[in-house]
Amino acid sequence: MAYGTALAVLADPTRREVFERLRAGPRPVNAVAAGLPVSRPAVSQHLKVLKEAGLVEERSEGVRRIYSVRREGLRELRDWLDSFWGDALEAFRLEAEKSYKSKGRK
């Protein structure tokens, strides 16, 4: 149930904003924190939680840590969300067939 962890972690609005800032590509903590209404250490803590959830990865570049989105971490969440789309399409198909058959009998 990794998708549950991803949902729980991304439920925090500040953490979601930190995660969104990484969409454009890898960034150091200072760049992620720029303009956020929380301290750089707080952003580091949010990045740590995102990393533990498997949504973010880090690499060292000298003394800096560079963070990026870990796309594989989103796969289970996406599969779960996509399953709703499949269910909705199937329900639509069944309803359309039912409607077509009932109109054909009249």
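Placed above this text is the structure.
Computed from a predicted model, the values in this text were never measured in an experiment.

S.K.: What exactly am I supposed to notice about the pattern of salt bridges here?
M.R.: Pairs may arise between side chains of opposite charge once their charged atoms sit close together. Tallied over the entire structure, the rule returns 10 salt bridges. Between Glu20 and Arg23 there is a salt bridge, with its nearest N and O atoms 3.0 Å apart. Among the residues examined, Glu20 registers a relative accessible area of 38% and is labelled partly exposed. For Arg70, the salt bridge is made with Glu72, and the minimal N-O distance between the two is 3.9 Å. Here the salt bridges do not stand alone but share partners, grouping Lys51, Glu58 and Arg65 into one network.

S.K.: Would you explain the sheet that holds strand S3 (residues 64-69) in this entry?
M.R.: Sheets are built from strands that pair by backbone hydrogen bonding, the pairs being arranged parallel or antiparallel. The sheet built from three strands is open, its strands ordered S1-S3-S2 with antiparallel pairing. Sheet topology places strand S1 (27-28) and strand S2 (56-61) at the edges, where each strand pairs with a single neighbour. Note: S2 against S3, six bridges, orientation antiparallel. Note that in S3 the partner of Glu61 across the bridge is Arg64.

S.K.: Looking at this structure, how should I read the environment of Ser44?
M.R.: Take Ser44: it is sitting in helix H4 (residues 40-52). The spatial distance from the C-alpha of Ser44 to the C-alpha of Trp85 is 35 Å, given a sequence separation of 41 residues.

Basis of the calculations
Residues numbered from 1 in each chain as written. Predicted model: local features only at pLDDT ≥ 70, side-chain atom pairs only at ≥ 80, totals over all residues. Heavy atoms only, no water. Salt bridge = Lys/Arg side-chain N within 4 Å of Asp/Glu carboxyl O. Buried < 20%, exposed > 50% of the residue type's maximum accessible area, 1.4 Å probe, protein only. Pairing = 2+ DSSP bridges. Helix = DSSP H or I, 4+ residues; strand = E, 2+ residues; numbered from the N terminus.

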